[in-house]
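# Breakdown of the fold
Below are the chains, spelled out letter by letter.
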Amino acid sequence: MFCKKILIFCTFLLANLVFSAPVNEANRIIDIQQRHLEQERIRQQQEKLQKELENTKFDNSQIKIDNDFKSNDNDLNKFLINAINLKDDDKLLSKREKNRIIQKYLYLELNSTDIKKLLTDLTNKLISKGYTTSAVKFDKNNDLTTGTLNLEIVAGRIEDIRINSGNGLDRYKEFFMFPKNRGKVFNIRDIDTATDNFNSINANNMTMEVLPGRKENYSRIEVKNRLKNKYTVGILANNYGDSKQNGIWRKGINLNIDSPLGIGDNFYFTYMTVPKKDPNRSWKKTVEQLQPGEILPIGPTGYDPLKGDTLPYKRRLDMFNFGYAMKFRTYTLKLNSVKVFRKAAFIQQIQYTICIQVATLCLLI
């Protein structure tokens, strides 16, 4: 009986020694396969996320984010983002502006919807600064498992500016009217400045269109500019005189010429005067003309101030005003010349003033 128990124990021990190794090996193989399957599943989800982000389109001509992009937060993995790199070769955003937006997304787990919102916030900041054809895009060279998100600002540029037929005079207009020319970053504020420059003269009839360029992220600006009623002649009148003797009411004419040089400049001329009075002064004599014993006359024959007699006064007032104004991008050059001939009973005066004004600076010569 004792020998039978020993035989059974040896048989059981031998079975364990024979079959233990294959069982452990099988378990190890199963674990490896499960890890491979899990890694493959994570890789497929990451590729799906990157593909969805790459398919998020920015239509530069319409300046909007494609809102048809949809995602399910429950189905997409989130990635812990520790660093966000924003490539900005043209310095469209300041460091402070970038940090204000980026810091809201740092050290958070982000999915495709969160990253799309980040792109939207950055693009809206560009639009608020006038860069309406620029956008922020997702860099394809991204590995979100590293915790780093790479973004890039794609600047919209001016491909060409065409005014009317684009001849020599039109190219001069482009140089003077537009703050930035072809090849520069497109900013809607520069378009507003050019519009104000064209509309600074009344004769300009201007329409402007911003069209998609032939190259990606480029825009073409087409301007149609026609002059109408270039010459204006008017009659002036006012009551700016300071006394009856000097003339209360003044009258005159003015001439205005819009774009005399064809570059959006302006020339004007104004002449004002008062009714002239030139009474007879033949009774006046100098000391050298007096005869011995003759008294210097104070008026014509019969004049007696004690009886309330008054002498008719002389009056002459001629005012000439010449002016020229020219727009140069964000600056305004103004040249002004005023000449006044004034002659009264006891005053004879000639005033001449030249004013040169650039922007808000005025120098009197």
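Residues numbered from 1 in each chain as written. Predicted model: local features only at pLDDT ≥ 70, side-chain atom pairs only at ≥ 80, totals over all residues. Heavy atoms only, no water.

### Here's the deal with the overall build of the protein
For clarity, the threshold we go by: Numbering of helices and strands starts at the N terminus; helices are DSSP runs of H or I of at least 4 residues and strands are runs of E of at least 2. Here the term buried applies to any residue with accessible area under 20% of the maximum for its type, exposed to any over 50%, and partly exposed to those in between, with areas from a 1.4 Å probe on protein chains only. Whether two residues touch is decided by their heavy atoms; if any such pair falls within 4.5 Å, the residues are in contact. Computed with a 1.4 Å probe, the accessible areas rest on the Shrake-Rupley method; for each residue, only the protein chains presented here act as cover.
A tally of helices and strands in the protein yields five helices and 17 strands. By residue count, 33% of the 365 residues in the protein fall in the buried class. Of the contacts made within the protein by residues no fewer than 6 positions apart, 55% connect residues no fewer than 24 positions apart. Accessible surface, the protein: about 24,000 Å² in total, of which carbon and sulfur atoms supply 55%.

### A short note on helix H2 (residues 95–102)
Test applied: Arc definition: it is the arc formed by the directions from the helix axis to the C-beta atoms.
Residues of H2 that are buried include every one of Glu97, Lys98, Ile101 and Ile102, and no others. The buried residues of H2 occupy an angular sector of 120° when projected down its axis, which confines them to one face. For H2, the exposed residues set more than 90 degrees away from the buried face come down to Lys95, Arg96 and Arg100. Each element contacted by the buried residues of H2 is listed here: strand S4 (83–87) and helix H3 (112–128).

### Some details on the side chain of Asn225
Stated precisely, the cut-off is as follows: Two N or O atoms count as a polar contact when they lie within 3.5 Å, although within protein this holds only if one can serve as hydrogen donor and the other as acceptor, and sequence-adjacent residues are included solely when both atoms are side-chain atoms.
By the secondary structure assignment, Asn225 is in strand S10 (residues 218–227). Side-chain polar atoms of Asn225 contact the side chain of Asn204, separated by 3.4 Å.

### Notes on the pairing of S10
Selection criterion: What makes two strands pair is DSSP finding at least two bridges between them.
Alignment of strand S8 (residues 157–163) against S10, held across six bridges, turns out to be parallel. Considered in S10, the bridge of Ile163 is made with Val223. Relative to S10, strand S9 (residues 204–212) runs antiparallel, the two sharing nine bridges. Bridge pairing links Val210 to Ile221 in S10. Hairpin geometry of S9 and S10 is characterised by an intervening segment of five residues between the two adjacent antiparallel strands and by a positive phi of about 65° at Asn217.

### Overview of the sheet that holds S10
Sheet strands pair via backbone hydrogen bonds, and the direction of the pair is either parallel or antiparallel. Keep this limit in mind: Think of each axis as a best-fit line through the C-alpha atoms, taken over the contacting stretch in the case of a helix, with angles from 0 to 180 degrees between the N-to-C directions.
With respect to topology, three strands assemble into an open sheet ordered S8-S10-S9, the strand pairing being mixed. The sheet is open, and its two edges are formed by S8 and S9, each paired on a single side. When the angles between neighbouring strand axes are averaged without regard to direction, this sheet yields 15°. Contacts between helix H5 (residues 188–198) and the sheet are confined to S8, S9 and S10, with S9 contributing the most and set at about 160° to the helix.

### Details of the packing of aromatic side chains
The line we're drawing: Side-chain rings of Phe, Tyr and Trp, where Trp is taken by its six-membered ring, are said to pair if the distance between their centres is within 6.5 Å; with planes under 30 degrees apart they count as stacked, over 60 as edge-to-face, and otherwise as tilted. Only Lys NZ and Arg CZ are tested; either one counts as a charge over a ring when it is within 6 Å of the ring centre and within 35 degrees of the ring normal.
Counted by the stated rule, this structure contains seven aromatic pairs. Aromatic side chains Phe269 and Phe322 sit 4.9 Å apart centroid to centroid with 40° between the ring planes, which places their arrangement in the tilted category. Placement of Phe269 in strand S13 (residues 266–273) and of Phe322 in strand S14 (residues 315–328) is noted, with a sequence separation of 53 residues between them. On the basis of relative accessibility, which here comes to 37%, the residue Phe322 falls in the partly exposed class. Here Phe320 and Phe341 contribute two aromatic rings whose centre-to-centre distance is 6.1 Å and whose plane-to-plane angle is 90°, an arrangement assigned as edge-to-face. Of this pair, Phe320 sits in strand S14 while Phe341 is found in strand S15 (residues 331–344), placing the two residues 21 residues apart along the sequence. Exposure remark for Phe341: the relative accessible area of 21% places this residue in the partly exposed category. Taken together through their ring pairs, the aromatic side chains of Phe175, Phe176 and Phe328 make up a single cluster. For Lys215, the ring lying beneath its charged end belongs to Tyr218, and the centroid distance is 4.4 Å. In this structure, Arg329 is placed above the aromatic ring of Phe175, and the distance from its NZ or CZ to the ring centre is 4.7 Å.

All quantities given are derived from atomic positions and should not be read as evidence of function.
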